[in-house]
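# Examination of the molecular architecture
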Amino acid sequence: MSGTPRVVLVDDHGLFRSGVRAELGRQVEVVGEAEDVQPAIDLISSVQPDVVLLDVHLPGGGGQAVVQAIKPLFPSVRFLALSASDAPEDVIAVIRAGARGYVTKTISTAELADAIKRVAAGDAVFSHRLAGFVLDAFASGGPGSGSDVKPSFDPELDQLTSREREVLRLIAQGYTYKEIARELYISVKTVESHVSSVLRKLQLSSRHQLTRWAAERRLA
Amino acid sequence: MMGNVEDPARWEQRYGPWGHWHRGPFWMRRRGHGGPLRRDPDERLAGGVAAGIAAWRGFNVTSVRIVFVLLALIPSGFCVPLYVVGWLLIPAAGEQTSIGHRARSDSRGIALAIGLATMLAFLLFIINVVGNGWIDSYAWPQLVTAAGLVLIWRNATPEEQATLRRLTEPLGSAPNPAARTRWSVVRLSVAAVLVFGGAGWLASAHESLALLRPLGAVLLMIAGIVLVLGPWWLRIARDLVLERQAKVRAEERADISAQVHDSVLQTLALIQRRADDPQKVVWLARMQERELRSWLFEGRAPGEADAAMTFAAGVRQIQQDVEARYGVPVEAVTVGDCELDENLNALLLASREATVNAAKWSGAGVISLFAEVEPDSVSVVVRDRGKGFDPAAVSADRKGLAESVHGRMARRGGTASVVSAEGEGTKVTLQMPRPSAAPARSGGAS
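An account of the accompanying structure is given in this report. (Residues numbered from 1 in each chain as written. Chains lettered and ligands numbered in written order. Predicted model: local features only at pLDDT ≥ 70, side-chain atom pairs only at ≥ 80, totals over all residues.)

### Observations regarding the sheet that holds strand β2 (residues 29-34) of chain A
Residues and elements named next belong to chain A. Basically, it comes down to this: At least two bridges found by DSSP between two strands are what make those strands a pair. Each helix corresponds to a stretch of at least 4 residues labelled H or I by DSSP, and each strand to a stretch of at least 2 residues labelled E; elements are numbered beginning at the N terminus.
The strand order across the open sheet formed by six strands is β2-β1-β3-β4-β5-β6, and the pairing between neighbours is parallel. The open sheet terminates on both sides in strands that have one partner only, identified here as β2 and β6 (125-126). Relative to strand β4 (residues 78-83), strand β3 (residues 51-55) runs parallel, the two being bridged by five bridges. Of the residues in β4, the one forming a bridge with leucine 54 is alanine 81.

Rendered as structure tokens:
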């Protein structure tokens, strides 16, 4: 990825959009704004940005509707979800739909710019809260317990490795990738690959706990 | 799902003191603590071996003691040395090494023990020649007992030595003329008659086939022994009770002072810092008053969760309270959830204290509070990127960390560690083990 990433902002709050645009300044190139699902799909189709900064809550169907519409058409467009509510069902839904990451709206400008660059480069970005959700959803229960198990084609997808768990715990404690790398004596690249692998599992796993966990939070 | 039987605490509440006998035969109660076998100095009568085994395997203490005594009376007499060996080899709760371990370097003690055992062995040989099979078989194992007691005596902690001294007091003080009142002389003479009469009867009855006579002799001897030793035993039991009460009182005092530090002293410090803002001062004072009242009159510690509350809700409350009071954002993440109990309440209070400390002193713009409920433990990490401090340089009388965090956790069997360096922020990690019986109630796990 060379140069500054091209970004589209999708959020129904005009004030928030202009705030983000002003704050991000020259660190990214904001190529468009949209405030609802259909305008967002049209805009993204025409400008094909590197990254879409996507509010989870949109009046016309929620952020995942945008992701679902764009993904098959333009797989190179990457989504970074953004939300103020932190409700797990919204966050997991938009991630399962294909977003590369999730951050809270309270994030600092520098961190947001960093997150956009990471997503543009193909990495995953987890907020501390998403890390908590994922740990919770993948909390160890004996495999095969429960009757609603739909076995994965790949059982690897249903488990987090202990290293991935460690990385998620540190993210949940507010560590940056660099701090995690130092804490665990691994490279930042390795941290990134762990997080990407967690993201893949989160998106592809048919682990029953995840389904039930989401269902309990009105997500089914 | 949470039936009465599944929840021992609720069960016990409902069925009173019998509640702990609900599973299995009457002498069993809940599961053991699951940890390693440790002697229990808090519940001891002698070495705490019986109490330790009871807590380890979940038996009733009294049942274990009765079994021990019955085994000790069996003619072969192997249980007494077994007890002593247990005393030697099982470390006391809270100690790293067993007495036996320490005794290995006590060469004088070992020499003494061997000497004593040899002497006794010699004596036994003589008795053997005179010939009484019963005494013979019972006495041989006591060589181990005597040698073991010597080693324990020399290597036990001062507290346990005091117990031993009390147990052996009758032997030492009987010839002491000052302690000899008319009543005790009468008592001792009657006892002597009973014991020697019983022993004589036993010796003469040995050849006889009548089974009832030796039984009567044994009863006579037991009566004599009880008469001699009874008063001392009573006093020992009373002393032990007093000692335990004192310990409980000391722990209560520590809890109260931690409480006062957490609430009143914290608020006073805040008031001093906000002295230029009368409204804020009044608000702080009101809030503190409310807290103190609810603690004094309703028995609820400030910040202590309602009974119905879960652990995650408790963490969220810490987040809200600290944000409201100190104006520092707290990023709280909880993984999993479970019912609260005494231990987890202590963990919450310690977490609150750590979070408040971070809000007050670190100067960090945001504090991260991470809590995770796992099947066998609950951990909390409080972290800030503030100015940090040198943990070694904190004076011991600073209550915050030492008492409210470390003390609180240690009293409940948990651990606390603080990692901090000047300029690099602080990380407090708290961990509290969970009784394995309670299932984790995680968001997604079954």
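### Side note on the packing of helix α6 (residues 128-137) of chain A against helix α7 (residues 162-172) of chain A
Residues and elements named next belong to chain A. Keep this limit in mind: Working convention: axes come from line fits to C-alpha atoms, limited for helices to the stretch in contact. Angles between N-to-C directions cover 0 to 180 degrees. Relative orientations are named as follows: roughly parallel for angles under 35 degrees, roughly antiparallel for angles over 145 degrees, roughly perpendicular for angles from 65 to 115 degrees, and oblique for any other angle. Take the far helix as the reference: if the near one is turned anticlockwise from it by less than a right angle, the crossing is left-handed, and if turned clockwise, right-handed. Note on contacts: residues are paired as contacts if their backbone-placed C-beta atoms lie within 7 Å. For this classification, Asp, Glu, Lys and Arg are treated as charged, while Ala, Val, Leu, Ile, Met, Phe, Trp, Tyr, Cys and Pro are nonpolar and the rest, including Gly, are polar.
Contact pair α6 / α7: the axes reach a minimum separation of 7 Å and the direction vectors enclose 140 degrees. One way to sum up the angle between α6 and α7 is to call them oblique. Pair α6 / α7 crosses with left-handed handedness. Contacts between α6 and α7 involve His128, Ala131, Gly132, Val134 and Leu135 on the former and, on the latter, Arg165, Leu168, Arg169, Ile171 and Ala172. Across the contact of α6 with α7, the residue classes tally to six nonpolar, two polar and two charged.

### Quick notes on the sheet that holds strand β5 (residues 426-433) of chain B
Residue and element names in this part refer to chain B. Spatial ordering of the open sheet is given by β1-β2-β3-β5-β4, a layout of five strands whose pairing is mixed. Because the sheet does not close on itself, it has two edges, and the strands there are β1 (330-335) and β4 (415-420). Sheet twist, expressed as the mean angle between neighbouring strand axes with direction ignored, is 10 degrees. The strands touched by helix α14 (residues 342-362) within the sheet are β1, β2 (367-373), β3 (377-384), β4 and β5, with β3 carrying the most contacts at an inclination of about 5 degrees.

### Concerning the environment of valine 373 of chain B
Mapping valine 373 of chain B onto the fold places it in strand β2. Considered as a pair, valine 373 of chain B and arginine 434 of chain B are 61 residues apart in the sequence and their alpha carbons are 9.3 Å apart.

### Digging into the nonpolar core
In summary, soluble globular proteins display a tendency toward joint burial of nonpolar side chains. Quick reminder of the rule: To form a nonpolar core, buried Ala, Val, Leu, Ile, Met, Phe, Trp, Tyr and Cys residues must be joined through C-beta atoms within 7 Å. For every residue, the other C-beta atoms within 10 Å of its own C-beta are counted; 20 or more classify it as buried, 12 or fewer as exposed, and values in between as partly exposed. C-beta atoms are placed from the backbone.
Of all hydrophobic cores here, the largest spans 103 residues; its most connected members are Leu53, Leu54, Leu80, Ala81, Ala99, Ile116 and Val134 of chain A. When residues of this core are assigned to their parent elements, the largest contribution, ten residues, is made by α14 of chain B. Each residue touching leucine 54 of chain A, except ones within four places of it in the same chain, is listed here: Val10, Gly63, Val66, Phe79, Leu80, Ala81, Leu82 and Ala99 of chain A.

### Brief notes about helix α2 (residues 37-47) of chain A
Residue and element names in this part refer to chain A. Along α2, the residues classified as buried are Val37, Ala40, Ile41, Leu43 and Ile44. In the core, the buried residues of α2 are packed alongside β1 (6-10), β2, β3 and α3 (63-70). Looking one or two residues past α2, glutamine 48 carries a phi angle of roughly 45 degrees, positive in sign.

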